[in-house]
Amino acid sequence: MAGIASDMIRGNTDTILLRFLCEKDSYGYEINKQILKLTDGQYGLNEATLYTAFKRLERAGYITSYWGDENQGARRRYYTVTQEGRAAYEANRNEWQNAKHLLERLIEDGKD
Amino acid sequence: MEKINEYLNQCFGPYVMSTELENLKEEILANATDHYNDLLSQGKSEAEAEETVLASLGDIRGLLQEIGAPKKETTSRSAQFTLDKDLIRDFADSVTGIFTRALDSLGHDGTRTEVYANIEKIEIHGVSVDIAVLPSSDELVHVCAEGNQDEISFEVVDDTLIIREVLSGNLIFRSGMDLALEVPSSLRTLDVQVVSGDLNMSGISLEKLGFQSTSGDLTIRHGSLGTLYMRSLSGDVYARLNDLDSFDAKLASGDVDVKCIYGGEFSAETQSGDIDAEIGETVTSFFAKATSGDVSVKLPRRLRIAPNLSSLSGSIDTGISSDPDGLPVTVRTISGDIKVRRK
């Protein structure tokens, strides 16, 4: 599934992460697992992309982070969405809906 | 998990481990461990699990580059040391303390307001003077100067007001001066020469504006100018104007971002900055040169143009047809890209 789908998913990384964090607080690996599941194993973000996106979202004030309380080994970094983050997610979602409609009109030849 | 630990140590090795990097490393390790354990519980062997996790990590080195954290320095004597931040902070505090106390004993901070009539020209000379200029509601020049009052001087010679930042003893920890000016429409010339101050103007019309700075920026939100003359090392110019009869800017690393509705002669040169220009139908000549920066020009729809564009290693993108009788539009860069479009 390389090519267009892969590019488009990567291009929408921020919105995808916000979607999951709007549902509940989570951490890198858990989100990536859900992405794999929802795409039937066809797509997973590579982790460097994930961390860059987390930093970006944190800098923009859309998410904040905290440590998990695992008491053995490395602690998990959990992320939580902010008010601004929820608003950004809604805005991005609307833009995506709009883009989807426009693309459909342009690509579909209405013959099916 | 050995190979994974080793890989992370290798990626983070060259960097000075700040709290941010320590946190990131721990986060990556936690996610990798979860992933690894999941794979084991799915029946994969340790070796397979390690390979899969390593592949999924992606370009961690690239990530660290992007973060831009400082790298460790290795001298030829291989003396590696990590900076003790607390020690340095204490040292900096005590040094600043010494200078602050010295500063307090020299001069006094305050605000001074002056009003002048019949001024046609204002000259400002200083080291680090930030200047804001707005229109005044009467025919007078109002000046409000904030800073060390022992270092500010005002002088009127005929119809010219000269404001100077006079340097006293302390040259290291200068707080500089803030000037707020309200000027009438009868003011004709403003000439500013500063080392590091910014000049901000809004709603002003002048016959001539001169701005020379080492690192100060020029920002003009709206207004009209006869001549704009700018020379700067690293300062940028951002201007949105109705009229700009003559624009002459030479910068070293500053950017030029100028848009005007009318326009006349336009000449902009910068070495490593970019040039973004949009100019109106009254333009009489156009020259833009950016050594390594990009140039983007928007020209009036109906103007006949003879483009003369050259870039040594950059790309040239123009949809404009050349008219040999048209206005010569010259754009040169060495390694930047050129884009010339109609509005």
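Structure shown above.
Residues numbered from 1 in each chain as written. Chains lettered and ligands numbered in written order. Predicted model: local features only at pLDDT ≥ 70, side-chain atom pairs only at ≥ 80, totals over all residues. Heavy atoms only, no water.

**Let's talk about the packing of aromatic side chains**
Part 1: Tallied over the entire structure, the rule returns 6 aromatic pairs over all chains.
Part 2: On the basis of an interplanar angle of 10° and a centroid distance of 5.6 Å, the ring pair of Tyr66 of chain A and Tyr78 of chain A is categorised as stacked. Of this pair, Tyr66 of chain A sits in strand S2 (residues 63–67) while Tyr78 of chain A sits in strand S3 (residues 77–81), and the two are 12 residues apart along the sequence.
Part 3: In this structure Tyr66 of chain A comes out as partly exposed when scored by relative accessible area, which is 35%.
Part 4: Among the residues examined, Tyr78 of chain A registers a relative accessible area of 17% and is labelled buried.
Part 5: With 4.8 Å between their ring centres and 25° between their planes, Phe247 of chain B and Phe266 of chain B make a pair best called stacked. You can see Phe247 of chain B sitting in strand S14 (residues 244–251) and its partner Phe266 of chain B sitting in strand S16 (residues 265–270), a full 19 residues away along the chain. Of the two residues, Phe247 of chain B and Phe266 of chain B, both sit in the buried class.
Part 6: Three or more aromatic residues joined by ring pairs form one cluster here, namely Tyr27, Tyr66 and Tyr78 of chain A.
Part 7: Directly above the ring of Phe20 of chain A sits Arg19 of chain A, whose terminal nitrogen or CZ lies 4.9 Å from the centroid. (Phe/Tyr/Trp six-rings, centres within 6.5 Å; stacked < 30°, edge-to-face > 60°. Helix = DSSP H or I, 4+ residues; strand = E, 2+ residues; numbered from the N terminus. Buried < 20%, exposed > 50% of the residue type's maximum accessible area, 1.4 Å probe, protein only. Lys NZ or Arg CZ within 6 Å of the ring centre and 35° of its normal.)

**Structural notes on the sheet that holds S2 of chain A**
Part 1: Spatial strand order, S1-S3-S2 (chain A): 3 strands in an open sheet with antiparallel pairing. Across the chains shown, the open sheet's two edge strands, defined by having one partner strand only, are strand S1 (26–27) and S2 of chain A.
Part 2: Direction of pairing for S2 of chain A relative to S3 of chain A: antiparallel, over a ladder of 5 bridges. What sits directly across from Ser65 of chain A, in S3 of chain A, is Tyr79 of chain A.
Part 3: Contacting S1, S2 and S3 of chain A, helix H2 (residues 19–41) of chain B crosses the sheet at an angle of about 75° to S2 of chain A. (Pairing = 2+ DSSP bridges. Contact = heavy atoms within 4.5 Å. Axes fitted to C-alpha atoms, helices over the stretch in contact; angles between N-to-C directions.)

**Looking at the interface of chain B and chain A**
Part 1: Residue-level contacts link 20 residues of chain B with 17 residues of chain A.
Part 2: For the pair chain B and chain A, the two sides together bury roughly 1700 Å², of which 52% comes from carbon and sulfur.
Part 3: At the boundary of chain B and chain A, one finds 4 salt bridges.
Part 4: Put simply, Arg75 of chain A and Glu26 of chain B hold a salt bridge, and the shortest N to O gap is 2.8 Å.
Part 5: Connecting chain B to chain A are 10 residue pairs in polar contact (both at pLDDT 80 or more).
Part 6: The set of elements that each furnish at least two residues to the side of chain B that touches chain A consists of H2, helix H3 (46–57) and helix H4 (60–67) of chain B.
Part 7: The biggest single contributor to the side of chain B that touches chain A is H2 of chain B, with 12 residues. (Buried area = accessible area lost by both parts, 1.4 Å probe. Salt bridge = Lys/Arg side-chain N within 4 Å of Asp/Glu carboxyl O. Polar contact = N/O pair within 3.5 Å; in protein donor to acceptor, adjacent residues only side chain to side chain.)

**Quick look at the pattern of salt bridges**
All names here are of chain B.
Part 1: For the structure on display, the rule yields 22 salt bridges over all chains.
Part 2: A salt bridge links Arg112 to Glu114; the nearest nitrogen and oxygen atoms lie 2.6 Å apart.
Part 3: Its salt-bridge partner being Lys250, residue Glu269 comes within 4.0 Å of it at the nearest N-O pair. On the criterion of sequence distance, the pair formed by Glu269 in strand S16 and Lys250 in strand S14 is long-range, its members being 19 residues apart.
Part 4: The class for Lys250 is partly exposed, based on a relative accessible area of 37%.
Part 5: Each of Glu120, Arg188 and Glu207 takes part in a single network of salt bridges with overlapping partners.

**Considerations on the pairing of strand S8 (residues 189–194) of chain B**
Residues and elements named next belong to chain B.
Part 1: Burial of S8 is extensive: 5 of the 6 residues sit out of reach of the surface.
Part 2: The pairing of strand S2 (residues 121–126) with S8 spans 6 bridges and is parallel. Residue His125 lies in a different strand from S8, and its bridge partner there is Gln193.
Part 3: The sheet contact formed by S8 and strand S10 (residues 204–213) spans 6 bridges and is parallel.

**Digging into helix H3 (residues 28–38) of chain A**
Along an α-helix, residues three or four apart share an orientation, since each turn contains 3.6 residues.
Part 1: If you check which residues of H3 of chain A are buried, you get Gly28, Tyr29, Ile31, Asn32 and Ile35 of chain A. On an axial view of H3 of chain A, the arc spanned by its buried residues comes to 160°, and they lie on one face. Of the residues in H3 of chain A, the exposed ones pointing more than 90 degrees away from the buried face are Lys37 and Leu38 of chain A.
Part 2: Lining the buried residues of H3 of chain A we find helix H2 (13–23), S1, helix H4 (47–59) and S3 of chain A together with H2 of chain B.
Part 3: The positive-phi residue at the C-terminal boundary of H3 of chain A is Asp40 of chain A, with phi of around 55°. (Arc of directions from axis to C-beta.)

**Quick notes on the sheet that holds strand S4 (residues 141–148) of chain B**
All names here are of chain B.
Part 1: With mixed pairing, 12 strands are arranged side by side in an open sheet as S1-S4-S7-S3-S9-S11-S13-S15-S17-S19-S23-S21. Two strands close off the open sheet at either side, each with one partner strand: strand S1 (109–116) and strand S21 (316–318). Going across the sheet, the axis of each strand differs from the next one's by a mean of 10°, ignoring polarity.
Part 2: Note: strand S19 (residues 295–299) against strand S23 (residues 338–342), 5 bridges, orientation parallel. Across the sheet, residue Val295 finds its bridge partner in S23, namely Ile338.

**Concerning the environment of Asp255 of chain B**
Residues and elements named next belong to chain B.
Part 1: One can find Asp255 in the loop between S14 and strand S15 (256–260).
Part 2: Along the primary structure Asp255 and Ile275 are separated by 20 residues, whereas in three dimensions their C-alpha atoms are 5.9 Å apart.
Part 3: With near-sequence residues (within four places) excluded, Asp255 lies in contact with Gly235, Asp236, Val237, Gly273 and Asp274.
Part 4: Here the side chain of Asp255 touches Asp274 through a polar contact of 2.8 Å, landing on its backbone nitrogen.

**Observations concerning the packing of H3 of chain A against H2 of chain B**
Between two packed helices, what matters for the description is the angle formed by their axes and the separation of those axes.
Part 1: Contact pair H3 of chain A / H2 of chain B: the axes reach a minimum separation of 8 Å and the direction vectors enclose 45°. Between H3 of chain A and H2 of chain B, the interaxial angle falls into the category oblique. Between H3 of chain A and H2 of chain B, the contacting residues are Gly28, Tyr29 and Lys33 of chain A on the first element and Asn31, Asp34, His35 and Asp38 of chain B on the second.
Part 2: Taken together, the residues that form the contact of H3 of chain A with H2 of chain B break down as 1 nonpolar, 3 polar and 3 charged. (Parallel < 35°, antiparallel > 145°, perpendicular 65-115°, else oblique. Nonpolar A, V, L, I, M, F, W, Y, C, P; charged D, E, K, R; others polar.)

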